[in-house]
Amino acid sequence: MNQGDRHLHRRIIPVYVVLPPYTLLMDVAGPMEVLRRANVEQEDVLFDYRFIAARPTQTTSVGLTLAELSPLPDRIPDGAYVVVSGSVTPPSDADDVEPELDILTAWLKTAVRPGITLVTICSGAVLAARAGLLEGHACTTHAACIEEVRQYAPTARVLDNRLYVEDRERYSSAGISTGTDLMLHIASKLTSPMTALTIARHMVVYMRRTGAEPQLSPWLSGRNHVHPAIHRVQDAIMADPAHGWSLSELAGIGAMSARHISRLFQEHAGLSVTAYVNLMRVTLARDVLTNSRMDMERVAEKSGFASPRHMRRVWSKYNELPPSHYRRSSAE
């Protein structure tokens, strides 16, 4: 397939970015930069994003005016994403924004239906809650808006101390910069973890994970750093976990001595080279188990383990549930 044919076969995902009055500019710029880079870094998915509002111009949190905005569409296609930006409190001498908020609320009520994914950034969750779109869902928002969302959405499970929350067709993020974290998570799911990592490194941001937020894919473990040589080594391992990686071979990829790469890998990735290779192999084995009918011996071989017994021994260090659990889950 030539380059032109690949572009023709890209999956197109429409993304509608809703801009409320006094849009918090970082809520838009960060997440949309993730999607822009995603369109550059891979050729399987094209994010077709457009900016919509109740009026053709919109004032932002920093005083910059956004112009030539598209009107709220009568209907959006199945499979689309609706991203609702947060906003700041208008200055005391500003015009009343409630009529415009009412228009946006009414539009969201009709536009977001089953098959449409809703993404809220920061206080954008308040608008979604006003529209009744968070009822029965887990969500989060900026700390200053938690109680307001709970008031508008009494049946929602509003979580605090989270960077972002995913619940079925609802994604929500906390304050401001976490919109970028959330969009990296979405880009990882819709394209690949490697694409998301490449975007994060280009933007010089971390693929963050804490015990309080939804767990990212194990493929992203140990990537919360900006050391280029260690990233090169991790990229090589991630591309072919089953390869019989030796420390000297990986040291060559990192252009350093075996002793030096061992020290830097532990320092920046938070685990040893051997542990990282094993984690990638276990993650590969889990994906194979979930998506195929291969027997355990073939799964072990395909994932780089010497035998099923070897695979189970390493597996137990990273998973509480046995490999057979993933085989059963995939069959259900």
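Report on the accompanying structure. (Residues numbered from 1 in each chain as written. Predicted model: local features only at pLDDT ≥ 70, side-chain atom pairs only at ≥ 80, totals over all residues. Heavy atoms only, no water.)

**Considering the overall build of the protein**
Then, in step 1: Within the protein, the secondary structure is distributed over 14 helices and eleven strands.
Then, in step 2: Each principal axis of the C-alpha distribution contributes one length, and for the protein these read about 70 × 45 × 45 Å.
Then, in step 3: In the protein, which comprises 332 residues, the share counted as buried stands at 52%.
Then, in step 4: Of the side-chain charges in the protein, 35 are positive and 35 negative, and the distance between the mean point of each set is 10 Å. (Helix = DSSP H or I, 4+ residues; strand = E, 2+ residues; numbered from the N terminus. Buried < 20%, exposed > 50% of the residue type's maximum accessible area, 1.4 Å probe, protein only. Lys, Arg positive; Asp, Glu negative; His and termini not counted. Charge placed at Lys NZ, Arg CZ, Asp CG, Glu CD.)

**Here we look at the pairing of strand S6 (residues 81-84)**
Each regular strand displays side chains that alternate between the two surfaces of the sheet.
Then, in step 1: A two-sided burial pattern is seen for S6, the buried positions comprising Tyr81 and Val83 on one face and Val82 and Val84 on the other.
Then, in step 2: Taken together, the four bridges between strand S1 (residues 11-18) and S6 define a ladder with parallel strand orientation. Bridge pairing in S6 places valine 18 opposite valine 84.
Then, in step 3: Note that S6 and strand S7 (residues 117-120) share four bridges and pair parallel. Bridging from a neighbouring strand, tyrosine 81 pairs with threonine 117 of S7. (Pairing = 2+ DSSP bridges.)

**Remarks on the environment of arginine 263**
Then, in step 1: Structurally, the position occupied by arginine 263 is in helix H10 (residues 258-269).
Then, in step 2: Given a relative accessible area of 46%, arginine 263 falls into the partly exposed group.
Then, in step 3: The spacing of arginine 263 and arginine 150 is 113 residues in sequence and 48 Å in space, taken between C-alpha atoms.

**Some points on the packing of aromatic side chains**
Then, in step 1: Applying the stated criterion across every chain yields a total of two aromatic pairs.
Then, in step 2: An angle of 65 degrees between the planes, with centres 5.4 Å apart, marks the rings of phenylalanine 265 and tyrosine 276 as edge-to-face. Linking phenylalanine 265 in helix H10 with tyrosine 276 in helix H11 (residues 273-291), this pair joins segments that are eleven residues apart in sequence. When sorted by exposure, phenylalanine 265 lands in the same class as tyrosine 276, which is buried. (Phe/Tyr/Trp six-rings, centres within 6.5 Å; stacked < 30°, edge-to-face > 60°.)

**Re the side chain of serine 85**
Then, in step 1: Locating serine 85 in the fold gives a position in the loop between S6 and helix H3 (98-111).
Then, in step 2: Classification of serine 85 by relative accessible area gives buried; the value is 2%.
Then, in step 3: With near-sequence residues (within four places) excluded, serine 85 lies in contact with Val18, Leu19, Pro20, Thr23, Leu24, Asp27, Val28, Ile121 and Gly124. (Contact = heavy atoms within 4.5 Å.)

**A word on helix H13 (residues 308-315)**
Then, in step 1: If you check which residues of H13 are buried, you get Pro308, His310, Met311, Val314 and Trp315. The arc enclosing the buried residues of H13, seen along the axis, measures out at 160 degrees, which places them on a common side. (Arc of directions from axis to C-beta.)

**Overview of the nonpolar core**
Then, in step 1: Counting residues in hydrophobic clusters, the biggest one holds 37 residues, and the most contacted among them are Ile237, Leu250, Ile261, Phe265, Phe305 and Met311.
Then, in step 2: Listing elements by their share of this core, those giving two or more residues are helix H8 (228-239), helix H9 (247-254), H10, H11, helix H12 (296-303) and H13.
Then, in step 3: Top contributing element to this core by residue count: H11, with eleven residues.
Then, in step 4: Each residue touching isoleucine 261, except ones within four places of it in the same chain, is listed here: Ile230, Val233, Leu247, Leu250, Ala251, Met256 and Val273.
Then, in step 5: In terms of nonpolar packing, the next biggest core, distinct from the first, is built from 33 residues, Ile52, Ala80, Ala125 and Ala128 among them. (Core = buried A, V, L, I, M, F, W, Y, C linked by side-chain atoms within 4.5 Å.)

**With respect to a nonpolar patch on the surface**
Then, in step 1: There is a patch of nonpolar side chains on the surface, built from Val204, Tyr206 and Val226 and spanning about 310 Å² of accessible area.
Then, in step 2: If you trace the backbone, valine 226 turns up in the loop between helix H7 (193-203) and H8.
Then, in step 3: A residue is classified by how much of its surface remains accessible, and valine 226, at 53% relative accessible area, is exposed. (Patch = residues over 30% accessible without salt bridge, like charges linked within 9 Å, V, L, I, M, F, W, Y side chains within 5 Å. Areas by Shrake-Rupley, 256 points an atom, 1.4 Å probe, with all protein chains shown as cover. Salt bridge = Lys/Arg side-chain N within 4 Å of Asp/Glu carboxyl O.)

**Points about the sheet that holds strand S5 (residues 70-71)**
Then, in step 1: One open sheet accounts for seven strands, arranged S5-S2-S1-S6-S7-S11-S10; its pairing is mixed. A strand with exactly one partner marks an edge of an open sheet, and here the two such strands are S5 and strand S10 (164-167).
Then, in step 2: Contacting S1, strand S2 (45-53), S6, S7, S10 and strand S11 (170-173), helix H6 (residues 178-190) runs over the sheet at an angle of about 145 degrees to S11. (Axes fitted to C-alpha atoms, helices over the stretch in contact; angles between N-to-C directions.)

**Thoughts on the environment of glutamine 151**
Then, in step 1: On the secondary structure map, glutamine 151 appears in helix H5 (residues 146-152).
Then, in step 2: A relative accessible area of 64% places glutamine 151 in the exposed class.
Then, in step 3: Sequence spacing of glutamine 151 and glutamate 169 is 18 residues, and the spatial spacing of their C-alpha atoms is 21 Å.

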